[in-house]
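The chain contents come next:
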Amino acid sequence: MSPYLSIVIPVYNEASIVAAAAAELTQGLDARGWDYEILFAENGSRDATPQILEEMCAQNPRLRWFHSERPNYGVALKAGIQKARGTYVFCDEIDLCDLSFYDSALPLLQQQGVDMVVGSKAAKGASDERPLVRRLATRVHNGLLRLVLDFQGTDTHGLKAFRREALLPVVDQCVVDMDVFASEFVIRAWRQGLRVVEIPIHLHEKRQPSIHLFKRVPNVLKNVGKLVYVIRIAGR
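Residues numbered from 1 in each chain as written. Predicted model: local features only at pLDDT ≥ 70, side-chain atom pairs only at ≥ 80, totals over all residues. Heavy atoms only, no water.

Colleague: For the pattern of salt bridges, give the residues involved together with the corresponding values.
Modeller: According to the stated counting rule, one finds 12 salt bridges in the structure shown. With a closest N to O distance of 3.1 Å, Arg64 and Glu37 form a salt bridge. Here the residue Arg64 occupies a position in strand E3 (residues 63-68), and Glu37 occupies one in strand E2 (residues 36-43), the gap between them amounting to 27 residues. A residue is classified by how much of its surface remains accessible, and Arg64, at 26% relative accessible area, is partly exposed. Of the charged contacts, one joins Asp128 and Arg130 as a salt bridge, the two residues approaching to 2.7 Å between their closest N and O atoms. Given the relative accessible area of 15%, Asp128 is considered buried. Accessibility expressed as a relative area gives 8% for Arg130, which makes it buried. Several salt bridges share partner residues, and in doing so they unite Glu37, Arg64 and Arg85 into one network. (Salt bridge = Lys/Arg side-chain N within 4 Å of Asp/Glu carboxyl O. Helix = DSSP H or I, 4+ residues; strand = E, 2+ residues; numbered from the N terminus. Buried < 20%, exposed > 50% of the residue type's maximum accessible area, 1.4 Å probe, protein only.)

Structure follows, in C-alpha cells:
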C-alpha cells in the first residue's frame, strides 16, 4: 500500500553524513507515528554514498533509493517526486532534515486546503545561518525571478511539501534542470492558481554545499533564460 508521506531527498557525494542524517530523520518520523517512505535520489556520486544507501535500504523497508549517472539536482529531484507514492510529498535536503518544517507544513496540507507549502529562508521570521554571500545570492536569484516571471513569493529552493495529486501534473510540465528546477516547480504552481503558502524556516546546514556557489551561476542563468522563453514567449 502507498504510504501517507513520501520524503524525497537528492544526494550527491554525501557519504560523510547520509547515514546519520537518515537515522535522525527516521527516528523523528517514527516518534510522530507517521506512515512514510524516504526516497533518496542519488545522482552521480563518486564516493561511498551508493553503497551506504544500499545497506541502509536493505535494513529498513521504509527507505528506497535510485541512481542516476550524471550529477544533476533538478533531474534527481524531479524523478524522485515522480517515483513518490505518498498522498503528501516532502522535498528535503540531506543537510537540513528539519522536522519542525514537517510539523508546521503537514497541518496546512491536511486541514486548510493548501496545495503546496514552501519553507522560505527569506520570509519574515526566518533565520538563515548561511554565509552572507549565499544569503545575498538567494535574494538576487529570487529578485530576478520576480522581475522576469512575476514570481510573488520570497523563496523557491529548499524545503517544500505538497499534495501529490495536485502537483504531479505541474512537475511533469517542468522543462529546466539543475537548481532552477526547484524554482520552476514553485513558479508554475503559483502561476496556475494553486494555493501556495510560505512559512519561515530556521536554516542551519550540517555541512558546506557540495557544489561551490559560483560554479552554479552559468547553469542558473542559462536555465532562467530558458524558463523565461518557455513561459513568456512559447506560452508553455
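Colleague: Residues and numbers for the sheet that holds strand E4 (residues 88-91), please.
Modeller: Hydrogen bonds between backbone atoms are what pair the strands of a sheet, whose relative direction is either parallel or antiparallel. Read from one edge to the other, the open sheet built from seven strands follows the order E3-E2-E1-E4-E7-E5-E8, with strand pairing classed as mixed. The sheet is open, and its two borders are formed by E3 and strand E8 (196-200), each paired with just one other strand. Neighbour to neighbour, the strand axes of the sheet diverge by 20° on average, direction disregarded. The pairing of strand E1 (residues 5-11) with E2 spans seven bridges and is classified as parallel. (Pairing = 2+ DSSP bridges. Axes fitted to C-alpha atoms, helices over the stretch in contact; angles between N-to-C directions.)

Colleague: Would you mind going over the packing of aromatic side chains in detail, with residue names and values included?
Modeller: Under the criterion given, the structure shown has seven aromatic pairs. Judged by centre distance (6.0 Å) and plane angle (80°), the rings of Phe90 and Phe101 are edge-to-face. With a gap of 11 residues between them, Phe90 in strand E4 and Phe101 in helix H4 (residues 99-111) connect regions that are remote in the sequence. As far as the burial class goes, Phe90 and Phe101 line up, both buried. With a centroid separation of 6.0 Å and an interplanar angle of 10°, the aromatic rings of Phe181 and Phe185 are classed as stacked. (Phe/Tyr/Trp six-rings, centres within 6.5 Å; stacked < 30°, edge-to-face > 60°.)

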